[in-house]
Amino acid sequence: MQIKLAPSILAADVRSLGEQISQIEKAGADYVHIDVMDGVFVPNISFGIPIVEGLRSCTDMFFDVHLMIERPIDHVRDFVKAGADGITVHVETCGDDLYKTVIEILGNGAKPAVAIRPDTPVDLILPVLDQLSMVLIMTVYPGYGGQKIIKETYSKINKIRNIINDRGLDVDVEVDGGITLDNVCEVRDYGANVIVAGTSIFRGDIGTNVAAFRDVLR
Ligand code: DX5
Ligand code: ZN
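What this report covers is the structure whose coordinates are included nearby. (Residues numbered from 1 in each chain as written. Chains lettered and ligands numbered in written order. Predicted model: local features only at pLDDT ≥ 70, side-chain atom pairs only at ≥ 80, totals over all residues. Heavy atoms only, no water.)

**Thoughts on the pairing of strand β3 (residues 62-68)**
The cut-off we apply is this: Remark: exposure states derive from per-residue accessible area (1.4 Å probe, protein chains only) relative to the maximum for the residue type, with buried under 20%, exposed over 50%, and partly exposed in between. In DSSP terms, a helix is any run of H or I states spanning at least four residues, a strand is any run of E spanning at least two, and both are numbered starting from the N terminus. Only strands that DSSP links by at least two bridges are regarded as paired with each other. Consider the strands pointing away from the viewer: the crossover is right-handed when the path from the first strand over the helix to the second runs clockwise.
For β3, the buried fraction is high: 6 of the 7 residues fall into the buried class. Summarising the sheet, strand β2 (residues 31-37) and β3 pair through 7 bridges and their orientation is parallel. Its bridge partner being in β3, methionine 37 is matched across the sheet by methionine 68. One crossover worth recording links β2 to the parallel β3 by way of helix α2 (residues 49-56), and it is right-handed. Sheet topology note: the β3/strand β4 (residues 86-90) ladder contains 4 bridges and is parallel.

Pasting the structure below:
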């Protein structure tokens, strides 16, 4: 299975975001992972709709927008209008509206994904799994870049991958948080095929880092 690399621009230098996106594109990354935080669901506040819209003119790469916000359904349309290709919502923020939220993403023409925190069971995703393009298994507690991976999440990667395969679905499994050259093959072997990496791509030389990931994943 082809592994996709999704550098998280949370770790990029905001003074030259457009330039750094060109660098990851040239280096052969697949997605731009954009972390949206509201200071409520997670303690941190990061990028919003104007940033997505502004960056849209820099590249045709797939914008993988990770919404760490309460009531994401209220904002789906605006994020898609701004240029999001895929929208990931957290199961913990959707309550009874999970299905409606996924349908809202599809209805606006984007690819839907659902994320879970390390303390949330995989089972909560299953009612909407058939509708999804991707599942995001968080490998750290969302909110900040640069954290250490929580290896107890590996069993969830494996569990969701087995369910997807057993049901014959075409759904990607993304991992996000603390991914490095030392653990990326482990998460791949447990069943992840979309790899988010912030610190380990944007710290140092971007081209060299992307190439190093490609190399170990070969
Ligand atoms: C964390 C974010 C991640 C983060 C990853 O809440 O969802 O996407 O930017 O950063 P690293 O790779 O540095 O852990
Ligand atoms: Zn993220």
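Text resumes after the structure shown.
**Observations regarding the site of ligand 1**
Put simply, the rule is: Residue proximity to a molecule or strand is established when one non-hydrogen atom of the residue lies within 4 Å of it. We define a polar contact as two N or O atoms separated by no more than 3.5 Å, with the added condition that, inside protein, one atom must be a possible hydrogen donor and the other a possible acceptor, whereas residues neighbouring each other in sequence contribute only through side-chain atom pairs. Using a 1.4 Å probe, the Shrake-Rupley method yields the accessible areas, and only the shown protein chains count as cover for residues.
In the region of ligand 1, 20 residues are neighbours, and Asp35, Gly143, Asp176, Gly198 and Thr199 sit closest. Measuring from an oxygen atom of ligand 1, one finds a backbone N or O atom of glycine 143 at 2.8 Å. Between aspartate 176 and ligand 1, the recorded distance is 2.7 Å, taken from a side-chain N or O atom to an oxygen atom. Look at ligand 1: alone it shows 380 Å² of surface, and the protein chains cover 99% of it.

**Notes on the environment of tyrosine 154**
Here is the rule: Contacts were defined at the residue level, with two residues in contact if any of their heavy atoms lie within 4.5 Å.
Here tyrosine 154 is to be found in helix α6 (residues 154-166). For the pair tyrosine 154 and tyrosine 190, spaced 36 residues apart in the sequence, the C-alpha separation amounts to 6.5 Å. Sequence-distant contacts of tyrosine 154, defined by excluding residues within four places in its chain, comprise Ile149, Asn183, Glu186, Val187 and Tyr190. At 2.7 Å, the side chain of tyrosine 154 forms a polar contact with the side chain of glutamate 186.

**Notes on the packing of helix α1 (residues 17-27) against helix α9 (residues 206-217)**
The test is simple: Interaxial angle, 0 to 180 degrees, is taken between N-to-C directions of lines fitted to C-alpha atoms, where a helix line uses only the stretch in contact. In this scheme, a crossing is called left-handed if the near helix is turned counterclockwise away from the far one by less than a right angle; it is called right-handed if the turn is clockwise. In the scheme used here, Gly and all other residues not listed as nonpolar or charged are polar, with Ala, Val, Leu, Ile, Met, Phe, Trp, Tyr, Cys and Pro taken as nonpolar and Asp, Glu, Lys and Arg as charged.
Direction vectors running N to C along α1 and α9 enclose 35 degrees, while the axes themselves pass 9 Å from each other. α1 and α9 meet at a crossing whose hand is right-handed. When α1 is examined against α9, the residues Gln20, Gln23, Ile24 and Ala27 are found in contact with a partner set consisting of Ile206, Gly207 and Val210. Here the contact of α1 with α9 is composed, by residue class, of 4 nonpolar, 3 polar and no charged.

**Regarding a nonpolar patch on the surface**
As a reminder of what qualifies: Two distance rules govern patches: like charges are joined within 9 Å, and nonpolar side chains (Val, Leu, Ile, Met, Phe, Trp, Tyr) within 5 Å, applied only to residues with over 30% relative accessible area and no salt bridge. By salt bridge we mean one thing: a side-chain nitrogen of Lys or Arg within 4 Å of a carboxyl oxygen of Asp or Glu.
Residues Tyr99, Ile103 and Leu106 make up a contiguous nonpolar surface patch of roughly 270 Å² in combined accessible area. The topology assignment puts leucine 106 in helix α5 (residues 98-107). For leucine 106, a relative accessible area of 39% gives the class partly exposed.

Read these as geometric descriptors, not functional statements.
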